[in-house]
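For reference, the chains in residue letters:
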There are 2 protein chains.
Amino acid sequence: MSEDVQSLAKRRGFIWQSAEIYGSMAGFYDYGAMGARLKRNWENVWLKYFMGLNDNYHLIDSTNILPEAALKASGHVDSFTDPLVECTKCGHAFRADQLIEEATSTAAEELSLEEIDAKVSEIGLACPKCKGPFGKAMFFNMMFPIEVGTKGTDRAYLRPETAQGAYLNFKRHFEIMRRKLPLGLAIIGKAYRNEIAPRQGVYRMREFIQAELQIFMDPETFSDELDLSEMDGKEILVQLVDMRGKKDVQSMPCRYLIEQYKLPDFYVYHMLKVQEFYLDIIKIPKNKFRFYEKSEKERAFYNRVHFDIEVDLSTLGGFRELAGLHYRGDYDLTKHQIGSKEKMEVSLDGRKLIPHVLELSFGVDRNVWALLDIHLVDERTGVLKLPPQLAPYTFAVFPLMKKDELIPLAKEIHNLLKDDYDVCYDQSGSIGKRYARMDEIGTPFCITVDFDGLTDDTVTLRDTDTTEQKRVKVDELERIARGLASGKLKFKDLN
Amino acid sequence: MSEDVQSLAKRRGFIWQSAEIYGSMAGFYDYGAMGARLKRNWENVWLKYFMGLNDNYHLIDSTNILPEAALKASGHVDSFTDPLVECTKCGHAFRADQLIEEATSTAAEELSLEEIDAKVSEIGLACPKCKGPFGKAMFFNMMFPIEVGTKGTDRAYLRPETAQGAYLNFKRHFEIMRRKLPLGLAIIGKAYRNEIAPRQGVYRMREFIQAELQIFMDPETFSDELDLSEMDGKEILVQLVDMRGKKDVQSMPCRYLIEQYKLPDFYVYHMLKVQEFYLDIIKIPKNKFRFYEKSEKERAFYNRVHFDIEVDLSTLGGFRELAGLHYRGDYDLTKHQIGSKEKMEVSLDGRKLIPHVLELSFGVDRNVWALLDIHLVDERTGVLKLPPQLAPYTFAVFPLMKKDELIPLAKEIHNLLKDDYDVCYDQSGSIGKRYARMDEIGTPFCITVDFDGLTDDTVTLRDTDTTEQKRVKVDELERIARGLASGKLKFKDLN
């Protein structure tokens, strides 16, 4: 990770290692005041967009601690593992596939333990710490176990993904929501993985935040519920498995993905929706976005179709996964039907089925990091240009100087706006420093009360993007603020 | 807990036991779609109100997993315990103080282990499960330990309170926020306690949500930052320690608490703010609210002043703690200065001090439960009357019937409102059933499109509170909705 953006994220109050006064454990991060605002705004924008796809998509909340039986059924107790090699001399443990990838520059994620052992001896891999020889590779379960109760008889785990909470609650919600499909259950919350070697800052954390939407649906009728015509003439930025040799991302018509590549139409429809979210709302530049298809070997066996959603991040050296779109079939509910002995089958119009799941899975921390990476337009000046809906503050209100004449109107404007928008009020220090501070945290608009304005009831409105200033009437501020905050009004279109 | 409200909370999509298809572990609850909305709204209202107290109060986010060193320093590793007695025959464990309280109807929370053993033998307490005799009482640490890394060498715990995250981050925020006091750091998030005997549903959970604001301040100058005149003529509903005999809550002038009871003026100021939050925003009836003072023996030794905030809940049999206001002095930062060897002292106007902490601590789940308890106005009809800002949906939009003529306008109104408010659109089933459903989840206002309205551009607006209906112009809906949602316009004042 770029040290520059990392130190800048720390200095400006966005994100840094947890419990740093105690030296921090690897893979744990806290959000400062600016980061917490940015994260909450990202979550709100995500919620509004994806819950808006269907009236029957709902946010729920479920526990971080799950009983062993549930995670046994889901397969996590037995198979949620990474390969580990331990130095026989100093005892240090490493993620075997990562060591091999670094040493050989070829993908090793899918190697079996035997293949790893063979590779280690073939390339003569030794402990990076002490040069000692490695023992045999083994699988390490990444879940954190928890002992519930005084005797630890209730074995449990911290959830490795939020998705399970939605599967466990599907049946009850299906009843509450009057037995209709599609039914979407979204969870935004923590997930935990005891990574063998957490690296790259917020990209691979041991405690992280997910925003996941599980759409429970009937694959035979799901498309009828969607306005497929929205795909007409639209293209998706993809890198398919059969394009792996080429470097370029292709812009491919939706229809072509459906007809030529045999992707389900509902899947491509959701690719388009995810792409619109990133390009139109999060404002990721088109050339930095792609869907990256996972091969049959790379994807989990239950995923019938699996594309990662990747963004090109300069701080992480290229395209990196921020989200995934997974057509999981009926794998999850079937597994829980077997494990819990509760019937997951539903009846719809005389048909019986175990609903299929289309999962939209987003790493919140990675997405927040991407905002800092992408929208830090100038590393030298440190100016951050965030979309108004995402910025920690949409507006800042300043009296030009800390003078008794200017403060009342500035406070009045602050009060006028603060119920509806994120507004920062600041009266200390030079106006130049205050502008610079807002540039640094990505506040798109600053409103300054000066002496001229007191006589003609105007204030200056400054656009961070261009540093241009315009004089606007105080009694028009509310209307202008609404337009700018929603993005419906552009600064350049102000008279 | 009242079984009625509990089953109703489940049936209507508010809250139920986690992982219920696997039989659930005691003390774990999930929020359904309606509960998640209610909770998120409560959090947003809390944030807006308490962050609004000072421009230097900020929401942050910190990890659930904390290193042992931090919790050793805070005192939790050694002292965050409950007394436990175990049956020597069947091996069942119980919380000793609770057993004694139930058997004797007197408080036992503060008994030492020796006192517990004496009491157990004095009253002849036997195992409620098998009548076997108890062994000696012992302390049980309520934190969940976590082993981080492949060898478990990094010992950690799930945080037992969100507060520690604010203390650990104080120093960095103090620098980022330009070295000003008061500085407020708020965290809304999960906390975990391995309760020996979780009971009373959501009231005592093993995984729960806290909303805590830690105000770091200089006790000598904090009051200068507050508008103390707001307390003039205002009274606080209290039950002080010296009123324990009497049943009635007293309404006591703020000045009297400061002058007669020697409470710090900044403390009483925040009592008033908390009281306003509950009475004016959450709409708790005055006769169901009180501050309950904890005696020196009942409160943690580091709390210089400690009142619980209690609400009278019919489902829990009386006044129960929903929040606490704790003047913790410089205990926390001093402990972390010793533990981390990082200097927590700050310099302000030539004075050096370790900032004091005033903590506003709220149990989110308890508060959400209280909303269901208090606002369920009629258990027979099941009508829930939630304030517009808190209700899962503020508005519902219905076409009177599922007719092609009515649906377009209904959808248009839904689109008009849904960006700014929580709006439910529903077109299936009889209008009576749809009203009843909204009554059940506390939707304050329903908007219905009927045939008359198509000719004169009106809709009916129904007030859940009174079931009264009024006809309003479609082009006035946006203005009316804004007024009703904010509470500035009352339904009865509509012409």
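Residues numbered from 1 in each chain as written. Chains lettered and ligands numbered in written order. Predicted model: local features only at pLDDT ≥ 70, side-chain atom pairs only at ≥ 80, totals over all residues. Heavy atoms only, no water.

> Tell me about the interface of chain A and chain B, residues and numbers included.
How big an interface is tends to be stated in terms of the accessible area lost upon association of its parts. Listed per partner, the contact involves 83 residues of chain A and 84 residues of chain B. For the pair chain A and chain B, the two sides together bury roughly 6700 Å², of which 56% comes from carbon and sulfur. Broken down residue by residue, the surface that chain A buries against chain B is led by I21(A), Y22(A) and R40(A), which jointly contribute 12%. Linking chain A to chain B there are eight salt bridges. At the junction of chain A and chain B, the tally comes to 39 residue pairs in polar contact (both at pLDDT 80 or more). Grouping the constituent residues of the side of chain A that touches chain B by class yields 38 nonpolar, 19 polar and 26 charged. (Contact = heavy atoms within 4.5 Å. Buried area = accessible area lost by both parts, 1.4 Å probe. Salt bridge = Lys/Arg side-chain N within 4 Å of Asp/Glu carboxyl O. Polar contact = N/O pair within 3.5 Å; in protein donor to acceptor, adjacent residues only side chain to side chain. Nonpolar A, V, L, I, M, F, W, Y, C, P; charged D, E, K, R; others polar.)

> Could you give me a rundown of unusual backbone geometry, with the residues and numbers involved?
In the segment running from L181(A) into P182(A), the intervening peptide bond is cis, with an omega of 0°. As for its position among the elements, P182(A) is in the loop between helix 7 (163-176) and strand 10 (183-192). Positive phi, close to 50°, is recorded for A19(A), a residue that is not glycine. The residue A19(A) is located in the loop between strand 1 (15-17) and strand 2 (29-31) in this model. One non-glycine residue, K262(B), lies in positive phi territory at about 60°. Judged by relative accessible area, K262(B) falls into the exposed class, the value being 67%. (Helix = DSSP H or I, 4+ residues; strand = E, 2+ residues; numbered from the N terminus. Buried < 20%, exposed > 50% of the residue type's maximum accessible area, 1.4 Å probe, protein only.)

> I'd like a rundown of the packing of helix 5 (residues 96-104) of chain B against helix 6 (residues 113-122) of chain B, residues and numbers included.
Residues and elements named next belong to chain B. For the pair helix 5 and helix 6, interaxial distance at closest approach is 11 Å and the crossing angle is 40°. Here helix 5 lies oblique to helix 6, going by the angle between them. Note that helix 5 runs across helix 6; the crossing there is left-handed. Every residue of helix 6 that contacts helix 5 at A96, I100 and T104 is listed here: I116, K119 and V120. (Axes fitted to C-alpha atoms, helices over the stretch in contact; angles between N-to-C directions. Parallel < 35°, antiparallel > 145°, perpendicular 65-115°, else oblique. Left-handed = near helix turned anticlockwise from the far one by under 90°.)

> How would you summarise a nonpolar patch on the surface if you had to cite specific residues and measurements?
Taken together, the side chains of M401(A), F451(A) and L454(A) present a nonpolar region at the surface, about 220 Å² in accessible area. Note on F451(A): relative accessible area 33%, which makes it partly exposed. (Patch = residues over 30% accessible without salt bridge, like charges linked within 9 Å, V, L, I, M, F, W, Y side chains within 5 Å. Areas by Shrake-Rupley, 256 points an atom, 1.4 Å probe, with all protein chains shown as cover.)

> I'd like a rundown of the relation of the copies chain A and chain B, residues and numbers included.
For the pair chain A and chain B, the best superposition has an RMSD of 0.0 Å and corresponds to a rotation of 180° with a translation of 0.0 Å parallel to the axis. Here the two chains are linked by the operation of a two-fold rotation axis. Nearest to the rotation axis, the C-alpha of I146(A) is located 3.5 Å from it, this being the minimum over chain A. When the interface residues of chain A are mapped onto chain B, 100% of them again lie at the interface, so the same face is used by both copies. (Least-squares fit on C-alpha atoms with pLDDT ≥ 70 in both.)

> Run through helix 15 (residues 477-486) of chain A, naming residues and quoting values.
The set of residues buried in helix 15 of chain A consists of L477(A), I480(A), A481(A), G483(A), L484(A) and A485(A). Packing partners of the buried residues in helix 15 of chain A comprise strand 22 (395-399), helix 12 (407-418), strand 24 (445-449), strand 25 (458-463) and strand 26 (469-473) of chain A.

> Please provide a residue-by-residue account of the pairing of strand 15 (residues 305-313) of chain B, values included.
Remark: a regular strand shows side chains that alternate across the two faces of the sheet. Residue and element names in this part refer to chain B. For strand 15, the tally of buried residues reaches eight of nine residues, placing the bulk of the element in the interior. As defined by bridge partners, strand 14 (residues 289-293) adjoins strand 15 across five bridges and the pair is classed as antiparallel. Within strand 15, the position partnered with E293 by the bridge is F307. Inspection of the sheet shows strand 15 paired to strand 16 (residues 318-329) by nine bridges, in the antiparallel sense. Pairing of V311 across the sheet is with R320, part of strand 16. Linking strand 15 to strand 16, which pair antiparallel, is a turn of four residues; within it G317 sits at a positive phi near 75°. (Pairing = 2+ DSSP bridges.)

> Break down the environment of K286(A) for me, citing the residues and quoting the values.
Residue and element names in this part refer to chain A. Turning to its location among the elements, K286 is positioned in the loop between helix 9 (265-281) and strand 14 (289-293). Counting along the chain gives 49 residues from K286 to L237, while the straight-line C-alpha distance between them is 8.3 Å. Beyond its immediate chain neighbours, meaning those up to four positions away, K286 contacts L237 and L279.

> Quick one: what's the story with the packing of aromatic side chains, residue by residue and with numbers?
Summed over all chains, the structure comprises 56 aromatic pairs over all chains. Centroid distance F301(A) to Y302(A): 5.4 Å. Interplanar angle 75°. Geometry classified as edge-to-face. Judged by relative accessible area, Y302(A) falls into the partly exposed class, the value being 21%. The interplanar angle of 50° and the centroid separation of 5.2 Å between the aromatic rings of F50(B) and F362(B) together place this pair among those described as tilted. In this pair, F50(B) sits in helix 2 (residues 33-51) while F362(B) sits in strand 19 (residues 356-363), placing the two residues 312 residues apart along the sequence. For the pair formed by F50(B) and F362(B), the shared burial category is buried. Among the aromatic residues, those joined into a cluster by ring pairs are W42(A), W46(A), Y49(A), F50(A), Y267(A), F277(A), Y278(A), F289(A), F291(A), F307(A) and F362(A). A cation over an aromatic ring shows up here: K470(A) above the ring of F491(A), its NZ or CZ 4.8 Å from the ring centre. Just above the ring of Y203(B) sits the side chain of R320(B); from NZ or CZ to the centre is 4.1 Å. (Phe/Tyr/Trp six-rings, centres within 6.5 Å; stacked < 30°, edge-to-face > 60°. Lys NZ or Arg CZ within 6 Å of the ring centre and 35° of its normal.)

> Explain the domain arrangement of chain A to me, and be specific about the residues and the numbers.
Residues and elements named next belong to chain A. As far as domains go, chain A holds domain 1 (2-67 + 150-377), domain 2 (81-141) and domain 3 (393-493). Counting from both sides, the interface comprises eight residues of domain 1 and, opposite them, ten residues of domain 2. Both sides together, the interface formed by domain 1 and domain 2 hides about 820 Å², and carbon and sulfur atoms give 49% of it. In terms of surface lost to domain 2, no three residues of domain 1 exceed I196, R199 and K297, which account for 61% of the buried area on that side. Our count for the contact surface shared by domain 1 and domain 2 stands at one salt bridge. Here E195 ties to R95 by a salt bridge, and the two come within 3.7 Å at their closest N and O atoms. Taken together, domain 1 and domain 2 are joined by zero residue pairs in polar contact (both at pLDDT 80 or more). (Domains from an automatic or database assignment.)

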